[in-house]
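Descriptive structure summary
As a plain string of letters, each chain reads:
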Amino acid sequence: MAETATPAETAHVDRVRGARRSPAEHLADAFTSGSVPGTVTLKEIPYQAMVGIRVERTSDAGARVASITGGLPATCGEVTGAGAVNALWLGPTEFLVVAPEESHDSLGGTLVSDLTTALGSDEGQVVDLSANRTTFELNGSHARAVLEKTCSLDLHPRVFKAGTAVSTELAHIPVMLWKTSEENYRIFPRASFADFLGRWLLDAMREYASPEVP
Amino acid sequence: MLLISCPNCGPRDETEFHYGGQAHIAYPENPNDLTDREWAEYLFYRENTKGTFAERWVHSTGCRQWFNMLRDTVSYDIHSIYAMGQPRPDTTGEYGQAGGAGLAPGAPTTSTAAAAPTSSEGV
Ligand SMILES: [Zn+2]
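Everything numeric here is computed off the predicted structure, so don't read it as measured data.

1. Quick notes on the layout of surface pockets
Counted as a void, the largest pocket has a volume near 310 Å³. Around the largest pocket, the lining comprises 20 residues; the ones closest to its centre are Leu90(A), Glu94(A), Arg133(A), Arg190(A) and Arg64(B). Contributions of two or more residues to the lining of the largest pocket are made by β2 (49-54), β5 (94-99), β6 (125-128) and β9 (173-181) of chain A. Per-domain counts for the lining of the largest pocket show at least three residues from each of domain 1 (22-46 + 134-214) and domain 2 (47-131) of chain A.

This is the structure we're talking about:
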């Protein structure tokens with residue numbers, strides 16, 4: 001879109017922003033009061049742009065898509081892209097592109113249209129999934145302990161390294177779990193599960209607000 | 001809880017998977033040539049194996065890919081995991097009676113499986 005947005009474009013973006021409700025918006029206060037700064041905190045990062053990609057990553061179309069996403073991951077757990085746009089591995093020919101909300105076409109970005117153009121008429125698909133999932137950020141020295149109450153994967157740092165994202169289950173619901181740094185996890189539940197998972201995590205976090213019983 | 005090694009994702013809990021029933025049932029070459037009975041048997045008749053059984057699974061919460069598995073329906077031991085389209089691995093010898101003797105409908109019952117009632121027998 002144009003480098004300088006016209007007043008009409010700005011008004012449109014504001015209208016889009018004002019009309020939206022994020023899946024865990026009603027829990028924002030609970031997330032704040034349930035967070036234990038320095039130990040474990042929880043917040044929603046709403047409206048991230050997400051695009052589902054299906055493409056053979058070694059094909060020409062795969063290479064074109066990869067040029068926009070900063071590569072396409074080759075194996076389970078791998079995440080490509082160093083900047084704001086990242087691609088997460090969902091399957092051998094299936095990826096989830098995650099980017100900041102401004103990159104969405106409805107807010108003046110070009111992510112979805114760029115990816116659609118990159119795929120062209122080749123075999124595959126580009127689907128705007130931005131409203132499909134929301135993002136929870138679980139942070140702190142006890143974030144892993146909270147996740148370990150429900151996640152059956154080995155989350156020990158020697159196995160589950162920072163920069164890894166896997167599709168798995170938390171509290172019996174399917175999520176993407178992305179360890180972005182040593183004490184920071186991004187969790188992508190589908191919108192309809194956001195309320196449940198948000199409350200579940202709050203409950204799991206509660207004990208860390210009290211002094212540890214030796 | 002079974003721990004199933006997805007060929008793409010590695011070991012995951014059974015709850016991440018869905019079961020796809022018996023493996024290696026080929027779609028009939030010419031469905032129109034089949035009698036109603038043959039068609040019904042293709043659609044609905046499955047073995048009810050006691051012992052090593054070839055079955056399909058899909059990693060539905062993970063990579064969403066299908067694969068085949070040889071699993072012992074009594075001990076739940078997983079003997080082999082292999083790709084769709086690959087033939088059933090021969091595990092005879094390695095696992096004693098594994099290999100399917102007496103498992104096909106109407107197949108002669110082996111002595112080791114004599115005590116095993118197979119509901120698919122005689123169809
Ligand atoms: Zn898998």
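Structure's up, so let's keep going.
2. Here we look at the coordination of the zinc ion
Residue and element names in this part refer to chain B. Bound to the zinc ion on the protein side are Cys6 (SG), Cys9 (SG), His59 (ND1) and Cys63 (SG), at distances that span 1.9 to 2.4 Å. Each of the four donor atoms bound to the zinc ion contributes to angles spanning 103 to 121 degrees, and the resulting shape is tetrahedral. Binding-site remark: the zinc ion is held by donors from one chain whose sequence spacing is C-x2-C-x49-H-x3-C. Linking cysteine 9 in the loop between β1 (3-6) and β2 (10-13) with histidine 59 in the loop between β4 (52-58) and β5 (66-72), this pair joins segments that are 50 residues apart in sequence.

3. Remarks on a nonpolar patch on the surface
Residue and element names in this part refer to chain B. Residues Leu43, Phe44 and Tyr45 make up a contiguous nonpolar surface patch of roughly 330 Å² in combined accessible area. The residue leucine 43 is located in helix α1 (residues 36-44) in this model. For leucine 43, a relative accessible area of 36% gives the class partly exposed.

4. Examining the nonpolar core
One finds Phe136(A), Leu138(A), Leu177(A), Ile187(A) and Leu197(A) to be the most contacted residues of the largest nonpolar core, which totals 29 residues. Taken together, the elements giving at least two residues each to this core come down to β7 (135-139), α5 (143-148), β8 (164-170), β9, β10 (184-189) and α6 (191-205) of chain A. The element that contributes the greatest number of residues to this core is α6(A), accounting for six residues. Ignoring anything within four residues of it in the chain, the contact list for Ile187(A) reads Thr134(A), Thr135(A), Phe136(A), Leu138(A), Leu147(A), Leu170(A), Val175(A), Met176(A), Leu177(A), Leu197(A) and Leu201(A). Membership of the second largest hydrophobic core comes to 28 residues, among which are Ile53(A), Phe95(A), Val126(A) and Phe17(B).

5. Topic: the domain arrangement of chain A
Residue and element names in this part refer to chain A. Under the domain assignment, chain A is made up of domain 1 (22-46 + 134-214) and domain 2 (47-131). Summarising the inter-unit geometry, the C-alpha centres of domain 1 and domain 2 are found 25 Å apart. Contacts between the two partners involve 15 residues from domain 1, matched on the other side by 13 residues from domain 2. Interface area for domain 1 against domain 2, summed over the two sides, is near 1100 Å², with a carbon-plus-sulfur share of 65%.

6. Focus: the interface of chain A and chain B
In this complex, chain A contributes 14 residues to the contact, which on the side of chain B involves 12 residues. Between chain A and chain B, the buried area comes to about 1000 Å², and carbon and sulfur atoms account for 43% of it. On inspection of chain A and its partner chain B, the count reaches one salt bridge. With a closest N to O distance of 2.4 Å, Arg64(B) and Glu94(A) form a salt bridge. Across the contact surface, chain A and chain B share seven residue pairs in polar contact (both at pLDDT 80 or more). For the side of chain A that touches chain B, the elements supplying multiple residues, two or more each, are β4 (86-91) and β8 of chain A. A per-class count over the side of chain A that touches chain B returns seven nonpolar, four polar and three charged.

Reading the values: rules and limits
- Residues numbered from 1 in each chain as written.
- Chains lettered and ligands numbered in written order.
- Predicted model: local features only at pLDDT ≥ 70, side-chain atom pairs only at ≥ 80, totals over all residues.
- Heavy atoms only, no water.
- 1 Å grid on protein atoms, 1.4 Å probe; cavity = no way out; pocket = protein on both sides within 12 Å on 5 of 7 lines; lining within 4 Å.
- Points joined across faces, edges and corners; volume = space filled by probe spheres on them.
- Helix = DSSP H or I, 4+ residues; strand = E, 2+ residues; numbered from the N terminus.
- Domains from an automatic or database assignment.
- Donors = N, O, S within 2.8 Å, 3.2 Å for Na, K, Ca; no water.
- Tetrahedral: all angles 85-135°; square planar, octahedral: opposite > 155°, others 65-115°.
- Patch = residues over 30% accessible without salt bridge, like charges linked within 9 Å, V, L, I, M, F, W, Y side chains within 5 Å.
- Areas by Shrake-Rupley, 256 points an atom, 1.4 Å probe, with all protein chains shown as cover.
- Salt bridge = Lys/Arg side-chain N within 4 Å of Asp/Glu carboxyl O.
- Buried < 20%, exposed > 50% of the residue type's maximum accessible area, 1.4 Å probe, protein only.
- Core = buried A, V, L, I, M, F, W, Y, C linked by side-chain atoms within 4.5 Å.
- Contact = heavy atoms within 4.5 Å.
- Buried area = accessible area lost by both parts, 1.4 Å probe.
- Polar contact = N/O pair within 3.5 Å; in protein donor to acceptor, adjacent residues only side chain to side chain.
- Nonpolar A, V, L, I, M, F, W, Y, C, P; charged D, E, K, R; others polar.

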